[in-house]
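# Breakdown of the fold
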Amino acid sequence: MELRHLKYFVTIAKTLNFSEAARRLFISQGTLSQQIQQLENEIGAQLFERDRHSVILTEAGEELLPLAIRTIEDSEICSNRMKDLKGALTGTLRIGTTPSFSSLLSETIKNFVKEHPGVKLKIRSEEATDLIEMLRNKELDLVLSFKPAMAYEELEAEPLFRNSLCAIMRKDNPLASRNVLTMEELEKHRLVLPGKGLQARRAFDRFLGLDTRKLDVSVEVNDPNLIMDIVQSTNLITVISSLAAYYRPNLVAIPLEGGNYSMTGSILYLKDGYRKRSADIFMEMLRDSAQIERISKGLDKPA
């Protein structure tokens, strides 16, 4: 039984779609089917039942799946430990990030690839809930995100900084000179808001009690960078983490009156199990980048 056969089997089991599995594995569907047939012949049992409309695991497939996943993970841990023992930083580091952290992550990536050219970085930008699920499934090594509202027993959330919800607008906006804004003032202006899947939007909805009916919401977008582009080129105002306005000198971020709506920027990782040396080094660089951000951009003190 070869390791690649198990990887092929696990990919199909996760997607329940031979075509999608072949795409993810960068092989043809015909080749994938042949490899699975070889595995089935070797173990003497059918692993999948499939027709024109569906693919499901057989009883033998259900039994094999957790064993195959554990074998693949043990193989990767063994490989990573041997590489670390050699002292040369190599291999692949898989990092997930929410769009709000692009500036912080870009600076860290720039320094990391310069100092450690032997490591291949795979960066995945998604909503926090999707990234957390990928981390729990060991498809990612690290996730850079605001700390999730709910606790996950198997995850550690190491705080980097605290950041607050602010009203962000162009400097030529009549409200731009204010030190603080009330919701009554925002109700008089057209807004572009984060999509409902983003943590900043969930925090804002909690602040409003999920009632946005009094607001004049012209646009909803689930990409913070696109929100900033819209604010920068229009007279619309947004309410989002002030982190999103960094490196945008023509924008200002004004706190909201009525409380501290802070979110904690964090590195998320699995509590148990082996962590690659490259992950430890990347995390240290993230901490350094966050420290620079706090000093130069006015972020709050570490959480």
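Computed from a prediction, not measured in an experiment: that's the story for all the values here.

## Overview of unusual backbone geometry
Here the phi dihedral of L16 falls at roughly 50 degrees; this positive angle occurs in a residue that is not glycine. Following the sequence through the fold, L16 ends up in the loop between helix 1 (3-15) and helix 2 (18-25). When its relative accessible area of 39% is taken as the criterion, L16 is described as partly exposed. Residue F26 is not a glycine yet carries a positive backbone phi of 60 degrees. Tracing the sequence through the fold places F26 in the loop between helix 2 and helix 3 (29-43).

## Some thoughts on the packing of helix 2 against helix 3
For the pair helix 2 and helix 3, the least separation of the axes is 9 Å and the interaxial angle reads 100 degrees. Between helix 2 and helix 3, the angle falls in the class roughly perpendicular. Here F18, S19, A21, A22 and L25 of helix 2 lie close against helix 3, whose contacting residues are Q29, L32, S33 and I36.

## Quick notes on the pairing of strand 5 (residues 142-146)
Burial of strand 5 is extensive: five of the five residues sit out of reach of the surface. Sheet analysis places strand 3 (residues 91-97) next to strand 5, joined by three bridges and oriented parallel. The residue of strand 5 that forms the bridge with T97 is L144. One ladder, built from four bridges, connects strand 5 with strand 11 (residues 262-270); its direction is antiparallel. Bridge assignment links S145 to a residue of strand 11, and that residue is S266.

## What to know about the side chain of E185
Looking at where E185 falls in the secondary structure, it is placed in helix 7 (residues 183-186). Each residue touching E185, except ones within four places of it in the same chain, is listed here: R178 and V180.

## Some words on the packing of helix 1 against helix 2
Where helix 1 meets helix 2, the closest approach of the two axes is 8 Å, and the angle between their N-to-C directions is 130 degrees. As far as their axial angle goes, helix 2 and helix 1 are oblique. The handedness of the crossing between helix 1 and helix 2 is right-handed. For the pair helix 1 and helix 2, contact is made by Y8, T11, I12 and T15 and by F18, E20, A21, R24 and L25, respectively. Grouping the constituent residues of the contact of helix 1 with helix 2 by class yields five nonpolar, two polar and two charged.

Criteria and thresholds
Residues numbered from 1 in each chain as written. Predicted model: local features only at pLDDT ≥ 70, side-chain atom pairs only at ≥ 80, totals over all residues. Heavy atoms only, no water. Helix = DSSP H or I, 4+ residues; strand = E, 2+ residues; numbered from the N terminus. Buried < 20%, exposed > 50% of the residue type's maximum accessible area, 1.4 Å probe, protein only. Axes fitted to C-alpha atoms, helices over the stretch in contact; angles between N-to-C directions. Parallel < 35°, antiparallel > 145°, perpendicular 65-115°, else oblique. Contact = heavy atoms within 4.5 Å. Pairing = 2+ DSSP bridges. Left-handed = near helix turned anticlockwise from the far one by under 90°. Nonpolar A, V, L, I, M, F, W, Y, C, P; charged D, E, K, R; others polar.

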